Every structure is written in C-alpha cells, then in structure tokens.
Amino acid sequence: MSESDLLHGEPLAGKYEVAASISRGKSFNVLLAYHTRFGWPVALKVLQADLAEDEELASLVQAELETVSKQAHPNLVPIYEVGRTGVEQPFAAMAYLEGNTLAHWTGELKKRVGPVSTRELLGLARQIALGMATLHQAGINHPDLNPGNILVGQDATPVVVGLGMPADVPGEASRATDVDILQYRAPEVRSGASPDPRSNIYSLGVMLYELLSLNSDAERRWPGGTAPPMPMERVREDLSAETALVVNTCLKRDSDERYQSMEEVISGLDEALAAESDGAVGRIVGTWAVLPSRALFAKHRRVILTALPVLLLAIIALVFLISRPAGSLEDDALGDSAEPNPQGTAAGELAAQTRSGSVGQPELLEPEADAAYEPGDEVLFRWCWSEQPREQERFTVYVMIGEDEQPLDQPVERVDVFCYEALVDSGEFGDEGGEFAWRIKLSDQETAEVVIVSEWRTLIVVAPEPTATTTPTQTPSPTPTNTPTASATPSPSPTPSATPTMTPTATSTATPLPPTPTPTVPPPTATDTPLPPPTPRPPTPRPPTPPPPTPPPPTPKPTPTPP
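Presented here is a report on the structure given in the accompanying data block. What you see is a predicted model; the values in this text were computed from it and never measured. (Residues numbered from 1 in each chain as written. Predicted model: local features only at pLDDT ≥ 70, side-chain atom pairs only at ≥ 80, totals over all residues. Heavy atoms only, no water.)

Before going further, it helps to spend a moment on helix H11 (residues 262-275). Over its 14 residues, H11 extends 20 Å from the first C-alpha to the last, a length consistent with the 20 Å expected when each residue adds 1.5 Å. Where H11 is concerned, the buried positions are Met262, Val265, Ile266, Gly268, Leu269, Ala272 and Leu273. Along the long axis of H11, the arc covered by the buried residues comes to 165 degrees, so they all point the same way. Packed against the buried residues of H11 are helix H5 (118-137), helix H8 (197-212) and helix H10 (241-250). (Helix = DSSP H or I, 4+ residues; strand = E, 2+ residues; numbered from the N terminus. Expected span 1.5 Å × (residues − 1). Buried < 20%, exposed > 50% of the residue type's maximum accessible area, 1.4 Å probe, protein only. Arc of directions from axis to C-beta. Contact = heavy atoms within 4.5 Å.)

Dropping the structure here:
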C-alpha cells in the first residue's frame, strides 16, 4: 500500500483516518492520522511497501514493534497499537506531539553566544541513557541512535524514537548513507557488525561530546571520524574530571574499554552532575538555552511591553478569541497543504510528556448505564482518554459499596490507542446484589494525587434466588414415621407371646388399663395415645425389657377348664 493509498483510501485498521505525511525514511513512512471515533491525533509508522513484501522481514519488524510497545518509560515513544495494513504492511500507532529533533535543537544552540549549562546537558544525556537502559533490558538495541532519532519536547524532555527495525537485520546498517548519521555510529558498526548496547553507548557519547563542545573556542576533532577524538578535557578545560571521564569512556574505540551497560553510564553521569558547578546557570527551555543575561532582558522586555497597554491588549485578545473559529489553531499548525508544519512532530513519535491546560474526563464506554448482571458474571469496564498517562500514573475502577467508595484491584490494560479496560467478577460487589455506582480515577502513585475523575455511572447486580432454604424443609418428614412403626410392628405378629410384650410399651405409662384379661384391647389404645412427633419423650418411655411382675399370661390358662 503506497503512501497515496494510505492518504486517500479507507481508514487504516478501520479507525485511523490518515491526514498528512510527516516523514519518509528508507524503511518507514510516518503519517499523521486521527482516530475516527474520538478525533484524537496519532502518528502511524508504516513499513515501506517494498520491504513488506519480504514476509520474514515483515514478521521481524512487527515483533520488534510489539516488544517496544511493552516498554513504558517517559523517555521512550509510547506505542499504542501494532498491526498490519490491508496489504500486510506492519504499522504502529504512536503518540503524537509537537516537538523538534535533537539535531534541530543543537543547531539552535550553535547560534547562541556563550556556553550552555553543563548540568542541563548532562541531565539531557542522562534521560536518554535511562530510556536506552529500558530498551537494553528488554533485549532491544537501537539500530541507529543519533540526534535525528531524539525528539525534545517543549519541556526539554528527550524521547528516543526511530525504533522498529531490528538492529541485527542483515544489511540494515548499510542502508544509511548520510555522512552526518554515519558519524554517530560506533567503529565496529561501521565495519559491518550489528549494534549492541556498547555501540549505543558510543553513539550517546558522540552526542554528549558534540553538545559539550558547542560554542567552544578550543580546537576539537569530530569524534565520529577515523582519528581518535581529542580528549574532552582539552576541548573544555572548565569541565570537571568526572564529566570528562564519562565522555572519554563512552568514546573508547575498543568496545571492551567502554562502559559495558547504560546503567554504568547513568552512574558516571550522576557523579559528573554532582561534581559540576555551572558558571552558566540558565535553564534549557524548549529548543534553546536561556542564559542569565538574556533571561533578565526578556523579563524586562515583557514588563515594558505588557504593563502600559495592558487594557488595550486585553480587549484585542478577547475580540480575537471570540471571533476565531474552532479548530483554527490546528489549521495553522498544518497549513493549507497536505504537509504539516516542519516545526511539528519530526518523525511524529514524541510522547505526550506535557498536557494542555484543560485535561478532559475519560469517556465511559462499558458497562452502559443501569446494565444488569447475574451473580457470577464478569463485568467489563472500558473507557477512553485522549491524554497519555505518565509513568507513575495509574487508572483504577472505584465502586460505591454501602457508604464507602472502594477501589477494585483488578489490573487495567490498554486495549486501543486511547482505550483501557478492566475485567471484574460481579462477586466483588458483595453477595446480596443491588445497584452500584462506579467511576474511573487516574492517580499519581507517588503523590496519591488524583489527576482526573470520570462521571458516575450505575450498574445492577441481580440478587441471588433463595434456593438454599427449600431443601431443609423436607428433613422433619421421616420423624413421624418412626413413631407408629414402633407400635405397629408387633400387631401383625401371630404369636400370643409377642402381644403382651408390646402392650406395656405404649399404654402402661400414658393411660392405665383395667386388669381385664382381654388381650385385644392394648393395640388400639396404643394408637390413641399421641406421642410428640419430633424428639420429646415421656419420662419412662420404653423400658429395655418388659417388667416381669405384671404379665397376665398365667391366669388365662385355668379359666377355660371349669365348664
């Protein structure tokens, strides 16, 4: 799929409306696009169509992009989504923000008079090293670390970009022919070896050497050339020994003599920062350094320009804001042509490190208002937000249970460019069911400050049916059957000896019988004496053996003989 097809065809992946081309590289095209549902901008990095014809290479690129997308760090470009176009070109949807490359930023610094704050430059290099350390821990080496692949935001935060092509792809190192880019490559990479962490350290050392050499009157030699670089202490005699040591160690031509990891570089930069006491204390702002004298002049100039005509300027500004159509700021940035502002996002990969003055609320997608769930159902919470959470910020689902607002501990996952979701069992809301209010919060994990809060929404968990109480009601039924069986079982017995033995068991204690010698009376009286059904028993219920003195069997035998 050509760039023209992407610009004028259907939305990429059904959700990204391509608006303009940002840059064209040897391996990737970077495009400005807008989310079709939310209208939020993204930068799309798409592998060149001719390279995508090699399925093995396309698979490697997609795997590399997916690995990078899992690395969350403020000095790395955030990748929201990785996929394929309709013609199987790997692409990545990334954050978009205006900024400039470190190459442009360095060029602006060269135009200034006087030295730049050493501590600020060391701090800039340290942030780049932090981002690179995260990549190295994930097994990713930057294929081409140079100032063109470092973007600097309005708050002077550097972000590493230019990722996606695996560093060990055969022939990838030879694709770059720009002499300015080749100067940042380690000697072993220029000789044909694949980049590794130590070659990335060399590239960082070249950038730091260049920054510290800006506007210096001392003779210096470009470290990317064939000859060994002039030691840093000879270029800048005012630097501390710790700062010179960091730069010189990074630039060792033998990779075994350099720092062996970015963690070692960071440790050396920390020692250099502690040792430096800048004469120039101006702070780098945006794309240039404001030195003390210029900052003082700028301050007085603002006072002069704004104090006298403040009322007139306020009226003009008010009329301007009222009459300005919506969206014209964005139109000014992109211009009337298809090409965006060259001062905009170079490579389109700058992370959203700064936020606009007004931070919008998240848009709640699921569950819908008053959605009902059965006990045991899983509840999917899904929402979208147009901003980029910072590294220490986390989304959490909160639910009102009773009178308490309680957080749910289920993990939140990013599922789209701007969308997140969490899956929660309905049992988390309690066992009794009911109506529950919920909302989303984004909080700073370090300060516990709440950044944003969504609106309230309700869901319903249906109360469980009381099925468990029906089964115990059948248990008393066997108890009455035990009572008659004790008295009825001897009645069908044909032997006369069994009849008198059962006679006293039921009637001798409850109702006294007359001493008449009629043996047929006791069975009916046993049924007439009601016994309590469940458990209560008479004081002398059933003796274990019938008492011997009372049986009448000896008397009936002599009575029939007199006639």
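With that settled, consider the state of the cysteines. For the structure on display, the rule yields 1 disulfide. A sulfur-sulfur distance of 1.8 Å marks the disulfide that ties Cys384 to Cys419. Between Cys384 and Cys419, the S-S torsion sits near 90 degrees, and that sign places the bridge as right-handed. Residue Cys384 is found in strand E13 (residues 378-384), and its partner Cys419 is found in strand E17 (residues 419-425); the two are separated by 35 residues along the sequence. Comparing Cys384 with Cys419, the two get one shared label, buried. (Disulfide = S-S within 2.5 Å.)

Turning next to a negative patch on the surface. On the surface, Glu378, Asp409, Asp425 and Glu428 cluster together into a negatively charged patch. Counting through the fold element by element, Asp425 comes out in strand E17. Asp425 gets classed as partly exposed once you look at its relative accessible area, which sits at 34%. (Patch = residues over 30% accessible without salt bridge, like charges linked within 9 Å, V, L, I, M, F, W, Y side chains within 5 Å. Areas by Shrake-Rupley, 256 points an atom, 1.4 Å probe, with all protein chains shown as cover. Salt bridge = Lys/Arg side-chain N within 4 Å of Asp/Glu carboxyl O. Lys, Arg positive; Asp, Glu negative; His and termini not counted. Charge placed at Lys NZ, Arg CZ, Asp CG, Glu CD.)

Another aspect to go through is the pairing of strand E4 (residues 79-84). E4 sits mainly inside the fold: 6 of its 6 residues count as buried. Where E4 meets strand E5 (residues 90-94), 5 bridges bridge the pair, whose relative direction is antiparallel. By the bridge assignment for E5, Gly83 is matched with Phe91. Following E4, the chain reverses through 5 residues before pairing antiparallel with E5; Glu88 in that reversal takes a positive phi of roughly 65 degrees. (Pairing = 2+ DSSP bridges.)

In this structure the tally under the stated criterion is 10 aromatic pairs. Judged by centre distance (4.5 Å) and plane angle (10 degrees), the rings of Phe38 and Trp40 are stacked. Here the two residues Phe38 and Trp40 agree in accessibility, since each one is buried. On the basis of an interplanar angle of 50 degrees and a centroid distance of 4.8 Å, the ring pair of Phe395 and Tyr420 is categorised as tilted. Of this pair, Phe395 sits in strand E14 (residues 393-401) while Tyr420 is found in strand E17, placing the two residues 25 residues apart along the sequence. (Phe/Tyr/Trp six-rings, centres within 6.5 Å; stacked < 30°, edge-to-face > 60°.)

Within the open sheet, the 5 strands sit side by side as E1-E2-E3-E5-E4. Their pairing is antiparallel. Two strands lie at the open edges of the sheet, namely strand E1 (16-24) and E4, each paired on one side alone. Each neighbouring strand pair of the sheet contributes to a mean axis angle of 25 degrees, computed without reference to strand direction. Both strand E3 (residues 41-47) and E5 contribute to a ladder of 4 bridges, which runs antiparallel. (Axes fitted to C-alpha atoms, helices over the stretch in contact; angles between N-to-C directions.)

This part is about the nonpolar core. Membership of the largest hydrophobic core comes to 74 residues, with the highest contact counts inside it found for Leu102, Trp105, Leu204, Leu208, Met232, Met262 and Val265. Every residue in contact with Leu204, bar those within four places of it in the chain, is listed here: Ala125, Ile128, Ala129, Leu145, Met262 and Val265. Membership of the second largest hydrophobic core comes to 22 residues, among which are Val397, Tyr420, Phe436 and Ile452. (Core = buried A, V, L, I, M, F, W, Y, C linked by side-chain atoms within 4.5 Å.)

Of note, Arg439 is situated in strand E18 (residues 434-444). For Arg439, the side chain forms a polar contact with the side chain of Glu405, separated by 2.8 Å. Not counting chain neighbours up to four residues away, the residues in contact with Arg439 comprise Thr396, Val397, Tyr398, Glu405, Val453, Ser454, Glu455 and Trp456. (Polar contact = N/O pair within 3.5 Å; in protein donor to acceptor, adjacent residues only side chain to side chain.)

With that out of the way, let us pick up the pattern of salt bridges. Between side chains of opposite charge, pairing is possible as soon as their charged atoms come close. In this structure the tally under the stated criterion is 13 salt bridges. Across the pair Glu88 and Arg84 runs a salt bridge, and its minimum N-O distance is 3.2 Å. With its nearest N and O atoms 2.8 Å apart, the salt bridge here joins Arg439 to Glu405. Taken together, the residues span a long stretch of sequence, with Arg439 in strand E18 and Glu405 in strand E15 (residues 404-408) at a distance of 34 residues. The buried category is assigned to Arg439, whose relative accessible area is 16%. Within the structure, one salt-bridge network assembled from shared partners comprises Glu55, Arg84 and Glu88.

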